[in-house]
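Structural characterization, general
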Number of protein chains: 2
Amino acid sequence: MFLLRSMPLKASLSQKNVLPNLCRRLASSHREIPALTKERYPVKRGQYSEVTDRDVTKFESILGGSSRVLTQAEDTQGYNIDYLGSVRGYSRVVLKPKSTEEVADIMKYCNERKLAVCPQGGNTGLVGGSVPVFDEVVLSLQLMDKIEQIDEYSGILVCQSGCVLGTLEEKVNEKGLVMPLDLGAKGSCHIGGNVSTNAGGLRLVRYGNLHGSVLGVEAVTAEGRVMDLMSNFKKDNTGYHLKHLFIGSEGTLGIITKLSIFCPTASKSVNVAFLGLESYDAVKNTFLAAKRGLGEILSSCEMIDEASLESSTYHFNLQSPIEKYPFYMLIETSGSNMAHDEEKLTNFLESSMENGLVLDGTVTNEPTKMRNIWKLRELIADSLINDGYCFKYDISLPLDNFYDIVLAVRDRVGPLATKVTGYGHIGDSNLHLNVSCAKFTPEIYKLLEPFVYEYTSNVRGSVSAEHGIGFLKTKYLKYSKRPESLMLMQQMKQLMDPNGILNPYKVLPQV
Amino acid sequence: MFLLRSMPLKASLSQKNVLPNLCRRLASSHREIPALTKERYPVKRGQYSEVTDRDVTKFESILGGSSRVLTQAEDTQGYNIDYLGSVRGYSRVVLKPKSTEEVADIMKYCNERKLAVCPQGGNTGLVGGSVPVFDEVVLSLQLMDKIEQIDEYSGILVCQSGCVLGTLEEKVNEKGLVMPLDLGAKGSCHIGGNVSTNAGGLRLVRYGNLHGSVLGVEAVTAEGRVMDLMSNFKKDNTGYHLKHLFIGSEGTLGIITKLSIFCPTASKSVNVAFLGLESYDAVKNTFLAAKRGLGEILSSCEMIDEASLESSTYHFNLQSPIEKYPFYMLIETSGSNMAHDEEKLTNFLESSMENGLVLDGTVTNEPTKMRNIWKLRELIADSLINDGYCFKYDISLPLDNFYDIVLAVRDRVGPLATKVTGYGHIGDSNLHLNVSCAKFTPEIYKLLEPFVYEYTSNVRGSVSAEHGIGFLKTKYLKYSKRPESLMLMQQMKQLMDPNGILNPYKVLPQV
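Parameters at a glance
- Residue indices follow the written sequence of each chain, beginning from 1 at its first position.
- Ligands are numbered from 1 and chains lettered from A, in the order in which they are written.
- Confidence filtering applies because this is a predicted model: local features only for residues at pLDDT of at least 70, side-chain atom pairs given and counted only at 80 or more, and all residues used for totals across whole chains, interfaces and linings.
- Side-chain metrics in this entry use all non-hydrogen atoms of the structure; hydrogen atoms and water are not considered.
- UniProt positions are given in the numbering used here, feature names are shortened, and annotations may be inferred rather than shown by experiment.
- Ring pairs shown here join Phe, Tyr and Trp side chains whose ring centres sit within 6.5 Å, with only the six-membered ring taken for Trp; geometry is labelled stacked below 30 degrees between planes, edge-to-face above 60, and tilted in between.
- Under the scheme used here, helices are H or I runs from DSSP no shorter than 4 residues and strands are E runs no shorter than 2 residues, and both carry numbers assigned from the N terminus.
- For each residue, the accessible area found with a 1.4 Å probe, counting protein chains only, is set against the maximum for its type, and the residue is called buried under 20%, exposed over 50%, and partly exposed in between.
- Only when the NZ atom of a Lys or the CZ atom of an Arg is both within 6 Å of the ring centre and within 35 degrees of the ring normal do we say a charge sits over the ring.
- At least two DSSP bridges between two strands are required for those strands to pair.
- Throughout, a contact is declared for two residues whenever any of their heavy atoms are within 4.5 Å.
- Axis lines are fitted to C-alpha atoms, over the contacting stretch for helices. Their N-to-C directions set the angle, which ranges from 0 to 180 degrees.
- Segmentation of the chain into domains, including their bounds, is taken from an automatic or database domain assignment.
- Summed over both partners, the accessible area lost on bringing two parts together, with a 1.4 Å probe, is the buried area.
- The cut-offs work like this: below 35 degrees is roughly parallel, past 145 is roughly antiparallel, 65 to 115 is roughly perpendicular, and the gaps in between are oblique.
- For any pair of crossing helices, the crossing counts as left-handed if the nearer helix is rotated counterclockwise from the farther one by less than a right angle, and right-handed if it is rotated clockwise.
- Classification convention: Asp, Glu, Lys, Arg as charged; Ala, Val, Leu, Ile, Met, Phe, Trp, Tyr, Cys, Pro as nonpolar; all other residues, Gly among them, as polar.
- Overlaid copies result from least-squares superposition on C-alpha atoms, with residues included only where pLDDT is at least 70 in both.
- Looking at any residue, its pLDDT shows the predictor's confidence there, from 0 to 100.
- Criterion for a salt bridge: a side-chain nitrogen of Lys or Arg within 4 Å of a carboxyl oxygen of Asp or Glu.
- N or O atoms within 3.5 Å of each other form a polar contact, as long as, within protein, one can give a hydrogen and the other can take it, and as long as residues adjacent in sequence are counted only when both atoms are side-chain atoms.

For chain A, the name recorded in an unreviewed UniProt entry is D-2-hydroxyglutarate dehydrogenase, mitochondrial, with Aedes aegypti as its organism. Its UniProt record gives chain A the following Subcellular location (unreviewed entry) comment, quoted word for word: "Peroxisome". According to UniProt, the comment filed for chain A under the heading Cofactor (unreviewed entry) is "FAD".

On to the packing of aromatic side chains, then. Overall, the coordinates contain 34 aromatic pairs over all chains when judged by the stated rule. For the ring pair Tyr41(A) and Phe471(A), a centre distance of 5.4 Å and an interplane angle of 90 degrees mean the geometry is edge-to-face. Of this pair, Tyr41(A) sits in the loop between α2 (37–40) and α3 (53–62) while Phe471(A) sits in the loop between α18 (451–458) and α19 (483–496), placing them 430 residues apart in sequence. With a relative accessible area of 25%, Tyr41(A) lands in the partly exposed category. With a centroid separation of 5.7 Å and 85 degrees between ring planes, the pair formed by Phe59(A) and Tyr109(A) is classed as edge-to-face. Highlighted residues: Phe59(A) in helix α3 and Tyr109(A) in helix α5 (residues 100–113), separated in sequence by 50 residues. Taken individually, Phe59(A) and Tyr109(A) each receive the classification buried, so the pair is uniform in this respect. Among the aromatic residues, those joined into a ring-pair cluster are Tyr280(A), Phe327(A), Phe402(A) and Tyr403(A). Over the ring of Tyr153(B) we find Lys284(A); its NZ or CZ atom is 4.4 Å from the centre of that ring.

Residue and element names in this part refer to chain A. As summarised here, the arrangement of the 4 strands in space is β1-β2-β4-β3, forming an open sheet in which the pairing is mixed. Single-partner strands in this sheet number two, and they are β1 (69–70) and β3 (117–120). In this sheet, strand β2 (residues 94–95) lies alongside β1 in antiparallel orientation, the contact comprising 2 bridges. Following the sheet pairing, Val-69 is matched in β2 by Leu-95. Relative to the sheet, α5 contacts β2, β3 and β4 (137–140), its axis offset from that of β4 by approximately 165 degrees.

Before going further, it helps to examine the environment of Gly500(B). All names here are of chain B. Relative to the elements of secondary structure, Gly-500 occurs in the segment after α19 (483–496). What makes Gly-500 buried here is its relative accessible area of 17%. For the pair Gly-500 and Asn-111, spaced 389 residues apart in sequence, the C-alpha to C-alpha distance is 8.9 Å. Non-local contacts of Gly-500, meaning those with residues more than four positions away in its chain, are made with Tyr-48 and Lys-493.

This part is about the domain arrangement of chain A. Residues and elements named next belong to chain A. Partitioning chain A into domains gives domain 1 (37–140), domain 2 (147–262) and domain 3 (270–459). Computed from C-alpha coordinates alone, the two centres of domain 1 and domain 2 are separated by 23 Å. Contacts between domain 1 and domain 2 engage 14 residues on the former and 16 residues on the latter. Of the roughly 1200 Å² buried between domain 1 and domain 2, counting both surfaces, carbon and sulfur atoms make up 66%. When the area that domain 1 buries against domain 2 is broken down by residue, the three leading residues are Thr-100, Met-107 and Thr-124, summing to 37%.

Contact pair α19(A) / α19(B): the axes reach a minimum separation of 11 Å and the direction vectors enclose 140 degrees. Here α19(A) is positioned oblique relative to α19(B), judged by the angle of their axes. Two packed elements cross with a definite hand, and for α19(A) against α19(B) that hand is right-handed. Judged by residue contacts, Leu488(A), Gln491(A), Met492(A), Leu495(A) and Met496(A) of α19(A) engage Leu488(B), Gln491(B), Met492(B), Leu495(B) and Met496(B) from α19(B). The residue inventory of the contact of α19(A) with α19(B), partitioned by class, reads 8 nonpolar, 2 polar and no charged.

Between chain B and chain A, which share one sequence, the superposing operator has a rotation angle of 180 degrees and an axial displacement of 0.0 Å; the RMSD is 0.0 Å. The relationship between the two copies is best expressed as a two-fold rotation axis. Scanning chain B for the C-alpha nearest the rotation axis identifies Gly212(B), at a separation of 2.0 Å. Interface overlap between copies is the fraction of interface residues in one copy that are interface residues in the other; for chain B against chain A it reaches 100%, indicating a shared surface.

Attention shifts here to the confidence of the model for chain A. Per-chain confidence: chain A averages 92 in pLDDT, with 94% of residues scoring 70 or above. Scored as a complex, the prediction yields pTM 0.93 and ipTM 0.92.

Attention now moves to the interface of chain B and chain A. Between chain B and chain A, the contact holds 93 residues from the first and 93 residues from the second. Between chain B and chain A the total buried area reaches about 7800 Å² when both faces are included, carbon and sulfur atoms providing 55% of it. In terms of surface lost to chain A, no three residues of chain B exceed Tyr153(B), Lys235(B) and Tyr240(B), which account for 14% of the buried area on that side. Across the chain B-chain A interface, the total number found is 14 salt bridges. For Asp228(A), the salt bridge identified is with Arg482(B), shortest N-O distance 3.0 Å. Taken together, chain B and chain A are joined by 52 residue pairs in polar contact (both at pLDDT 80 or more). Broken down by secondary-structure element, the contributors of at least two residues to the side of chain B that touches chain A are α8 (204–207), α9 (210–213), β8 (226–229), α10 (243–246), α11 (280–294), α13 (338–354) and α19 of chain B. When grouped by side-chain class, the residues that make up the side of chain B that touches chain A number 32 nonpolar, 38 polar and 23 charged.

For the rest of this paragraph, the subject is the pattern of salt bridges. All names here are of chain A. Going through the model one piece at a time under the given rule, you end up with 48 salt bridges over all chains. Close ionic contact of Glu-169 with Arg-203 constitutes a salt bridge, the shortest N to O distance being 3.3 Å. Taken together, the positions of Glu-169 in helix α6 (residues 165–173) and Arg-203 in the loop between α7 (191–196) and α8 (204–207) put the pair 34 residues apart, joining distant regions of the chain. The exposure class assigned to Arg-203 is buried, which follows from its relative accessible area of 13%. Here Lys-324 makes a salt bridge to Glu-310, at a shortest N to O gap of 3.6 Å. Here Glu-310 lies in helix α12 (residues 306–315) and Lys-324 lies in the loop between α12 and β12 (327–335), a separation of 14 residues in the sequence. Under the relative-accessibility criterion, Glu-310 is labelled partly exposed at 31%.

Next comes the structure, spelled out in structure tokens:
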């Protein structure tokens with residue numbers, strides 16, 4: 001029996017919500033201003049107009065003055081560089097509308113003038129989708145942060161798209177509800193950005209994806225048409241389900257300005273278990289046992305390999321609550337009855353240890369300890385960047401050979417890598433494969449790509465499970481989507497954005 | 001305390017799965033062959049070719065002989081009449097492909113020949129979407145019923161679209177899984193039809209809608225292109241999420257031939273409670289109490305008004321397990337631990353009775369008794385048809401004034417109606433408003449329409465929550481969708497089906 005064993009965690013981070021901001025600071029402090037995208041990548045500017053002083057004057061008239069039209073380099077720089085510092089545009093103007101009408105007016109004008117536009121939420125994306133590639137006008141949704149309604153009966157939240165996910169979480173919590181998604185970046189990411197990228201995250205195993213949770217959207221098209229696809233209902237079968245065109249199309253088909261989303265009932269009881277295991281097979285079978293034994297209270301099921309945990313503990317001075325093992329699992333339960341949940345968890349863990357699946361573990365329901373365990377998992381991505389450079393792959397793979405690719409890559413790159421690690425949402429078949437090294441070299445790059453994408457494609461996996469395609473992955477799209485699908489995507493884009501001004505160079509390969 | 005009180009149910013129907021077939025027989029035995037759609041409704045045949053003997057020969061060559069090409073009137077009649085007997089086409093040919101390639105070949109040929117095609121699943125739709133309006137070729141998916149894979153680890157089912165929902169339910173049950181949707185028609189409806197119509201049903205409150213559960217589809221377009229949008233993963237953010245174009249577009253944008261769907265873990269413990277309440281307000285507050293008290297085990301939450309229960313008990317000779325009340329609720333729980341679930345249910349019911357929300361009730365976990373309680377709810381729709389004629393409205397409404405429309409309609413039609421009843425999935429804000437009468441009269445029709453649609457539109461509800469638009473509701477689409485949305489739908493149709501041959505006269509209003 002190892003339950004409720006005390007945990008001598010020495011983690012230095014314990015304040016609530018400190019995580020995203022800390023990561024953010026770390027990310028920016030560690031890195032220089034990156035090279036311009038146009039210099040680093042082989043990409044050609046489209047035939048768009050350039051922003052003139054007259055355009056700026058027009059924008060000021062639309063936005064009622066100059067306070068929401070940023071044109072000074074020191075003001076616009078943050079909007080030109082992405083979170084990972086991997087891409088940089090040189091937009092000279094950032095617009096901050098407050099209403100759907102203002103967004104529509106901006107788009108109408110830009111479409112007429114053939115000015116390219118890059119919509120931007122919290123700018124926490126990992127594939128360069130949220131910053132300009134060249135000089136696109138940045139349309140920031142930052143000031144569109146009104147909450148219109150939270151209905152405790154139906155569980156429906158209606159809000160503007162610029163609301164910060166963490167803020168929404170707090171507000172719906174007050175009504176006994178919970179947001180159906182949770183992300184490491186919740187302190188700064190916007191719900192509109194989450195929906196535009198079909199963000200996955202840590203609760204997907206429990207509450208499903210955003211195509212299921214988002215009940216309605218309002219979006220402004222490239223031509224400035226307001227598509228009112230709002231619905232405050234879980235059931236609405238009236239015609240084509242157009243809202244899904246905006247979920248996951250990363251701002252290339254329209255700019256989401258408002259949305260309604262279903263929020264499940266908040267759980268009264270939360271537990272986190274951290275387990276040590278011998279092999280990937282034990283991880284897979286423990287996942288199945290958790291699905292069966294924990295059933296409806298299972299809310300997260302994460303896998304972490306030894307190298308991943310070594311990285312987060314080392315770089316962030318965290319301490320694992322258990323000894324070293326080849327694999328770890330973080331299992332979270334959320335339910336409505338603490339005694340019931342603890343009994344289910346105890347039964348599950350006892351039987352998993354008895355049959356040898358799990359070698360050691362700890363479980364807690366104390367908020368600080370739970371947060372500390374979550375940090376072990378959530379800080380892996382940022383910790384690996386500290387090795388110098390990190391190749392990141394976010395892929396879906398069949399559970400049968402989920403971890404094989406980590407071994408194959410480790411074998412391939414040998415001592416060229418500092419670490420080859422695999423971790424992620426095993427509950428959703430989503431692996432984060434990370435290869436860290438002292439610095440980027442063409443040698444290791446060539447060993448990794450297209451190998452990783454071809455491998456994934458061969459098992460019919462997804463080359464971008466949750467991060468999206470953005471700017472950085474357009475050339476890999478073909479590994480997960482067939483030519484007919486790509487053709488239909490191009491046709492959709494042509495239909496909905498005839499001048500191609502909306503978030504150009506993103507998602508679809510340049511033709 | 002009223003828990004586990006014995007239930008002297010005298011229901012005559014108790015065999016497993018007898019329900020849909022019984023309803024089916026009942027429906028057909030009660031009704032004459034309906035008038036031809038073209039005679040009953042103001043609809044104009046499109047400029048399509050007519051099927052010739054040469055076409056039939058071509059179809060026979062595609063399908064390898066004549067056995068899967070039905071042309072005799074007695075063979076085709078059933079495919080020309082819908083489940084409710086409200087519409088009838090006069091197609092002279094029914095095709096039964098077995099593979100995606102055959103479907104593609106048929107569509108290529110029909111597109112070249114400008115022959116209109118009506119795809120058909122189990123033909124259990126309620127809005128005339130699954131039968132020809134005129135002489136469209138019927139393409140039945142009946143023989144495309146192969147199950148390719150059921151993975152107990154990931155919970156993914158991959159199958160052809162002609163699989164019967166009830167059969168799939170049995171097969172996934174064997175692997176410890178459950179289908180994410182459940183419908184009264186499961187004995188004959190096809191999963192492909194379910195997905196094409198975005199069917200809702202009884203488990204939506206627990207497992208969400210099909211846009212969330214369906215992970216991939218393969219569909220054949222009007223031009224015979226195979227769109228391979230299959231994915232066996234819950235996370236796949238590679239480009240536009242095109243599969244959603246096929247979910248809920250009722251076979252007008254493509255014919256779904258294969259799909260993968262996520263199946264949750266089966267529950268070991270199921271309980272059903274049947275409650276009596278004084279008012280709609282008590283129903284609404286009991287729903288909130290159930291969400292909070294039963295939390296993660298709540299799997300159905302249905303409301304039934306007095307008139308609805310009177311109808312199903314009377315026409316099907318069923319007996320309610322409790323006395324008469326103005327309102328009833330059927331609450332189902334599904335969980336992984338019988339003792340825990342019973343304790344939660346007991347606590348919830350005790351507190352609901354103590355605070356006066358619930359006046360009486362019974363709860364059971366015996367399969368036969370649970371089925372009998374479900375029959376009280378599931379047979380309402382069919383029972384009302386026995387009054388002679390029944391106007392059926394399937395709408396989403398805000399919970400605050402969810403039941404007001406029933407009172408308003410009752411007031412409006414007065415003695416012209418036999419019964420004005422309201423029941424449905426309160427857990428999903430979905431009301432079934434039914435008005436039964438001795439026979440259809442223009443007088444009552446005019447009192448009901450467009451009143452019901454305008455009322456629904458005014459509270460921004462949905463005029464078709466789960467049944468879809470089909471043929472019968474195209475003119476009401478405008479009550480739930482704005483002109484810009486309708487325009488985009490028309491553009492999508494034009495893009496994906498330039499000759500307009502795929503399920504014409506359905507979903508979109510004729511232009």
